[in-house]
Structures are given as structure tokens and as C-alpha cells.
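For reference, the chains in residue letters:
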Amino acid sequence: MTRASQHSYLVALGSNVPHRRHGRPRAVIDAALAALDAAGVTVESAGPVIETAPLGPSRRRYANSAAIVETPMGPDDLLALLKTVESRFGRRRGRRWGARVLDLDIVLWDGGPWSSHRLIIPHPAFRDRDFVLRPAVAIAPDWRDPITGLTLRQLHARLTRPRPVPR
């Protein structure tokens, strides 16, 4: 396979439930990266694992990270693989933003905007999520959002800049 047939993706990873074999959520992130590699997806780089407060009803803190991965798969095929990995880790479909052993989301890819009945790239909410942007900036600060044209570094700076307190 030639390098030209590879696609680069930014994948967000999250966990807030311990796994019976892999342990705590930070270790689940590491195990998920290894599982992707074992499935033939090359993990080029992984951002730091950060702890964040949950969105929605879950009370457990999350371990979050981001990775740049390469694969010849198109977006829908990679999504299917990510859902398979989540399932193998014990992920069950259910309540939105609930506790989960593993969450894997495609955020960006080198093909620009993408839309299918199962997937939208860029991920619709990534620009507003520090838990995605902070680890992503560590590994791909100059990757541009194909919709806004802004780099991940610029998006993160906009999201985290100090704002005046309302009077």
C-alpha cells in the first residue's frame, strides 16, 4: 500500500468508567489506542490524557485525549471500526452523554468536510469542547478546520480566552 492511499484523521477519545481488564479510564485510553493499532489503524501521535468534568447527567470525571491516525479506510468504514472497538470495550448504546467505558469520535480528516447518514465531519460540536481541542492542539496545532479555516490552536485560543464578567 502506498502512502498516498492513506488518510489522516483526528480522533477524540474519552472514558469515565473503569474496564474490568484495562482498569481506570486513563488506562482504557491507552488500551483503545493499542486496539486501533492492532486493527490496522496506524496511531501517528497521541495527545496528553486530561481529566475533565462530564457533560450531561454523568457524575464521573472523564479521561480525554486525541490521536492522529492513518488508515486507507474512508470515513464511514473508520466509523464502523471505531464503533466495533467501543463495543469490544463494553460500550452500550443508551443515554446521550451518559457514563461510558469508551467513546471514540472522528473529529477531522484530511479530506475536508464529509457527510453521510451516519457521520458528519468536522464533528459538529468540536469547536466548543476544550476536552477535544486541548489534547488535539498538543499534536496537531496547525490542522485547519475546513469550515472556519481556523487552526486548532486558534479555535482553542478563542474557546479559552478570558471574557469579561457580565454586569
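Residues numbered from 1 in each chain as written. Predicted model: local features only at pLDDT ≥ 70, side-chain atom pairs only at ≥ 80, totals over all residues. Heavy atoms only, no water.

Peer 1: Any details on the packing of aromatic side chains? Residues and values, ideally.
Peer 2: Under the criterion given, the structure shown has 2 aromatic pairs. Centroid distance Y9 to W109: 5.6 Å. Interplanar angle 25°. Geometry classified as stacked. Here Y9, found in strand β1 (residues 7–15), pairs with W109, found in strand β5 (residues 103–109); they are 100 residues apart in sequence, far enough to count as distant. For Y9, a relative accessible area of 0% corresponds to the buried category. An angle of 80° between the planes, with centres 5.8 Å apart, marks the rings of W109 and W114 as edge-to-face. Take W109: its relative accessible area is 11%, and that puts it in the buried class. You can call W114 partly exposed: its relative accessible area is 29%. In textbook terms, an aromatic cluster arises when at least three aromatic residues are bridged by ring pairs, as seen for Y9, W109 and W114. (Phe/Tyr/Trp six-rings, centres within 6.5 Å; stacked < 30°, edge-to-face > 60°. Helix = DSSP H or I, 4+ residues; strand = E, 2+ residues; numbered from the N terminus. Buried < 20%, exposed > 50% of the residue type's maximum accessible area, 1.4 Å probe, protein only.)

Peer 1: Quick rundown of the side chain of S15? Include the residues and the values.
Peer 2: Turning to its location among the elements, S15 is positioned in strand β1. In this view, S15 contacts P25, V28, I29, R61, Y62, A63, R100 and V101; residues no more than four positions away in its chain are not counted. (Contact = heavy atoms within 4.5 Å.)

Peer 1: Which residues make up the pairing of β1, and what values do they have?
Peer 2: In terms of residue burial, β1 counts as a mostly covered element, since 8 of its 9 residues are buried. Pairing of β1 with strand β4 (residues 62–71) involves 9 bridges; the strand directions are antiparallel. Looking across to β4, one finds that Y9 is bridged to V69. Two elements, β1 and β5, share 6 bridges in a ladder whose sense is antiparallel. Its bridge partner being in β5, Y9 is matched across the sheet by W109. (Pairing = 2+ DSSP bridges.)

Peer 1: Explain the packing of helix α3 (residues 130–139) against helix α4 (residues 152–160) to me, using residue names and the numbers behind them.
Peer 2: Two measures define how a pair of helices packs: the angle their axes make with one another and the distance between the axes. Relative orientation of the contacting elements α3 and α4 amounts to 135°, with a least axis distance of 9 Å. It follows that α3 is oblique to α4 by the angle criterion. Viewed along their axes, α3 and α4 form a crossing whose handedness is left-handed. Across the interface between the two elements, D130, L133, R134, A136 and V137 from α3 touch L152, R153, L155, H156, L159 and T160 from α4. (Axes fitted to C-alpha atoms, helices over the stretch in contact; angles between N-to-C directions. Parallel < 35°, antiparallel > 145°, perpendicular 65-115°, else oblique. Left-handed = near helix turned anticlockwise from the far one by under 90°.)

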